[in-house]
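# Descriptive analysis of the structure
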Amino acid sequence: MVGAWRWLLLLSISLRVWSVPIDRKTDGQDAPPPQEEKAEENMDTGLYYDRYLREVIEVLETDPHFREKLQTANTEDIKNGRLSKELDLVGHHVRTRLDELKRQEVSRLRMLLKAKLDSTNTQSVQMDHVSLLKQFEHLDPHNQNTFEAKDLELLIAAATKDLENYDAERHEEFKRYEMLKEHERREYLKSLDQEKREREEKRIEDLREKHRQHPKVNAPGSVDQLREVWEETDGLDPQEFNPKTFFKLHDTNGDGLLDEQELEALFTKELEKVYDPKNEEDDMMEMEEERLRMREHVMKNVDLNRDRLVSLEEFIKSTEKKEFNNAKEWETLDDKQPVYTEAELQRFEAELRDKEVELSRRAETLRQEQELLKERGKALEAQKKEYQQALMEMSQRQKDQQAVNKPPPSGPNGDLQFQQEIQKLAQGDIPVGKVPVDQNGEVQNSLQAEPPQNFPQHT
């Protein structure tokens, strides 16, 4: 596949990746292609529509006609949307899959919008999804069910714009990181007494000075820098350095172009001179900022058509420039002024204080709500106990009432027990003076008690 399609793939893949050293074997064997493809599959652009972008590209690549057009298209055909018109000629199964992907993306965006509205306590009787979806520029909000040529055109345009702004965003993120680090350093020093503060300031200055003591850093893209890679990474004789061979060695995917990831990998040896993750004085966030600066420097001097790719022709031309052989030593971040001004730091600290106040307010609100929930929990527990006590008392009253209303014992014929005993006494079946007792020796019935001796006998 030629550079045109690679340009779009690079937009979606290469710009968001921290480069890693290239591990080349000295026997000249190249790394297996499947490993390279697997590495690209795991990369993330960082765009909020990254998955949608990837899946659309993967589906389009399955169509033979569209893939053929991509191979003959140039960068401008992709960027200006001409390639999008070829979407009408792809297979039915491809269009069906693209329609499904778009519906899934619209559904995901709706969920994001709802979550955003819920988080801001925005009340809306009925959400106008079309109006809300207009803020997302990578799809057509007016057609939420099918993937059309306009969707592909908008997706390419959005990815181009967002990823071209990525370098500026990385610099801004690094600036915020550095300001936060300086803010925390100053706050920590304020918390120390004078003696400890002086010792800590000396320790920090010693670490900075230790970090500055490193070997010469060659200017990225210079003959010294490339020959060092040629010798130490590729294992070749520096006196036999050949730009064309060097280009092909480091065009790891074989597409005839050096993308930004492949370029950044060339700077690893220079960065290792300055940064070591094992050293306290070396900051790995600064190392990645240095890598970005190096890549921008090379792109500025080598990428003539500004397509964010370096062709073999552009690379050869850069080696013919005077600066290629007479480049100055590279100035690292330590040699330059801080990436922020004192005024910017003060504004940043003011924002931090405002955020701390807001967080404290929210924390207090949450604490009060928690206390209120505890009180409600206690009240509910007390109410529960009252209900349980009331149920127990009601159950006991029912038992007592049943005991009061219990009928006297009856015989086998339904006669009351004391009536049977009276009849037996009248008939003389129970001898006078004999009191029937039960097994426990208790009198069975008060009517059966032995009469006094002078009680007249029945005849």
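Quick notes on the rules
- Residues numbered from 1 in each chain as written.
- Predicted model: local features only at pLDDT ≥ 70, side-chain atom pairs only at ≥ 80, totals over all residues.
- Heavy atoms only, no water.
- UniProt positions renumbered as here; feature names shortened; annotations may be inferred.
- Phe/Tyr/Trp six-rings, centres within 6.5 Å; stacked < 30°, edge-to-face > 60°.
- Buried < 20%, exposed > 50% of the residue type's maximum accessible area, 1.4 Å probe, protein only.
- Helix = DSSP H or I, 4+ residues; strand = E, 2+ residues; numbered from the N terminus.
- Polar contact = N/O pair within 3.5 Å; in protein donor to acceptor, adjacent residues only side chain to side chain.
- Contact = heavy atoms within 4.5 Å.
- Salt bridge = Lys/Arg side-chain N within 4 Å of Asp/Glu carboxyl O.
- Arc of directions from axis to C-beta.
- Core = buried A, V, L, I, M, F, W, Y, C linked by side-chain atoms within 4.5 Å.
- Axes fitted to C-alpha atoms, helices over the stretch in contact; angles between N-to-C directions.
- Parallel < 35°, antiparallel > 145°, perpendicular 65-115°, else oblique.
- Left-handed = near helix turned anticlockwise from the far one by under 90°.
- Nonpolar A, V, L, I, M, F, W, Y, C, P; charged D, E, K, R; others polar.

As recorded in an unreviewed UniProt entry, the protein chain goes by Nucleobindin-1 and comes from Astyanax mexicanus. Quoted verbatim from the Function (unreviewed entry) field of the UniProt record, the comment on the protein chain reads "Major calcium-binding protein of the Golgi which may have a role in calcium homeostasis. Acts as a non-receptor guanine nucleotide exchange factor which binds to and activates alpha subunits of guanine nucleotide-binding proteins (G proteins)."

Moving on, we come to the packing of aromatic side chains. Evaluation of the coordinates by the stated rule reveals 7 aromatic pairs. For the ring pair Tyr48 and Tyr49, a centre distance of 4.9 Å and an interplane angle of 85° mean the geometry is edge-to-face. Where Phe241 meets Phe246, the ring centres are 5.8 Å apart and the plane angle is 55°; that geometry is what we call tilted. The exposure classification of Phe241 matches that of Phe246, with both residues buried.

The subject of this paragraph is the side chain of Lys273. In this fold, Lys273 is placed in helix α14 (residues 268-274). Within the structure, Lys273 has its side chain in polar contact with the backbone oxygen of Lys216 (distance 3.0 Å). In contact with Lys273, other than residues within four places in its own chain, are His214, Pro215, Lys216, Val217, Asn218 and Glu228.

The subject of this paragraph is the pattern of salt bridges. In this structure the tally under the stated criterion is 37 salt bridges. Between Lys190 and Glu187 there is a salt bridge; the shortest N-O distance is 3.4 Å. With Lys190 and Glu187 both in helix α9 (residues 166-190) and 3 residues apart, this pair spans about one turn of that helix. Glu187 gets classed as partly exposed once you look at its relative accessible area, which sits at 36%. Its salt-bridge partner being Glu270, residue Lys273 comes within 3.0 Å of it at the nearest N-O pair. Here the residue Lys273 and the residue Glu270 both occupy positions in helix α14, the gap between them amounting to 3 residues, near one helical turn. Overall, the relative accessible area of 1% leaves Glu270 in the buried class. Put simply, Asp167, Glu260, Glu264, Arg295 and Arg308 are held in one network by salt bridges that share partners.

If you trace the backbone, Phe174 turns up in helix α9. For Phe174, a relative accessible area of 5% translates into the label buried. For the pair formed by Phe174 and Val339, sequence separation is 165 residues and the distance between their alpha carbons is 8.5 Å.

Bringing helix α12 (residues 243-250) into the picture now. Along α12, the positions that sit buried rather than exposed are Phe246, Phe247 and His250. Each buried residue of α12 lies within a common arc of 100° when the element is viewed along its axis, so the set occupies one face. Of the residues flanking the start of α12, the one acting as N-cap is Asn242, its side-chain oxygen 3.0 Å from the backbone nitrogen of Lys244.

A word on the side chain of His183. Along the chain, His183 falls in helix α9. On the basis of relative accessible area, His183 is assigned to the buried category, the value being 12%. A polar contact is formed between the side chain of His183 and the side chain of Glu349, at a distance of 3.0 Å. The residues touching His183, leaving out its near neighbours within four places in the chain, are Glu349 and Leu352.

Moving on: the environment of Gln261. By secondary structure assignment, the location of Gln261 is in helix α13 (residues 260-265). Judged by its relative accessible area of 15%, Gln261 falls in the buried class. Along the chain, Gln261 and Arg295 lie 34 residues apart, while their C-alpha atoms are 9.1 Å from each other.

Counting residues in hydrophobic clusters, the biggest one holds 26 residues, and the most contacted among them are Phe246, Leu263, Val310 and Phe315. Mapped onto this core, the elements with two or more residues apiece are α11 (223-232), α12, α14 and α15 (284-302). With 5 residues, the single largest contributor to this core is α15. When residues no more than four places from it in sequence are discounted, the contact partners of Leu263 are Leu258, Arg295, Val298, Met299 and Val310. Grouped together as the second largest cluster of nonpolar side chains are 25 residues, Tyr49, Val94, Leu155 and Ile156 included.

What follows deals with the packing of α9 against helix α10 (residues 194-212). At a minimum axis distance of 10 Å, the contact between α9 and α10 shows a crossing angle of 150°. The orientation of α9 with respect to α10, classified from their angle, is roughly antiparallel. Of the residues in α10, those touching α9 at Glu182, Arg185, Tyr188 and Leu189 are Arg197, Glu200, Glu201, Ile204 and Arg208.

Right, let's talk about the environment of Pro338 for a bit. Topologically, Pro338 is positioned in the loop between α17 (322-325) and α18 (342-404). Once the C-alpha coordinates of Pro338 and Met179 are considered, the two residues, 159 residues apart in sequence, prove to be 9.5 Å apart.

Turning to the packing of α9 against α15, a few remarks are in order. Where α9 contacts α15, the two axes come as close as 11 Å, and the packing angle between them is 150°. The angle between the axes of α9 and α15 places the two elements in the roughly antiparallel class. α9 and α15 meet at a crossing whose hand is left-handed. Contacts between α9 and α15 involve Asp167, Arg170, His171, Phe174, Tyr177, Glu178 and Lys181 from the former and Met285, Glu286, Glu288, Glu289, Leu292, Arg293, Arg295 and Glu296 from the latter. Split into classes, the residues belonging to the contact of α9 with α15 amount to 4 nonpolar, 1 polar and 10 charged.

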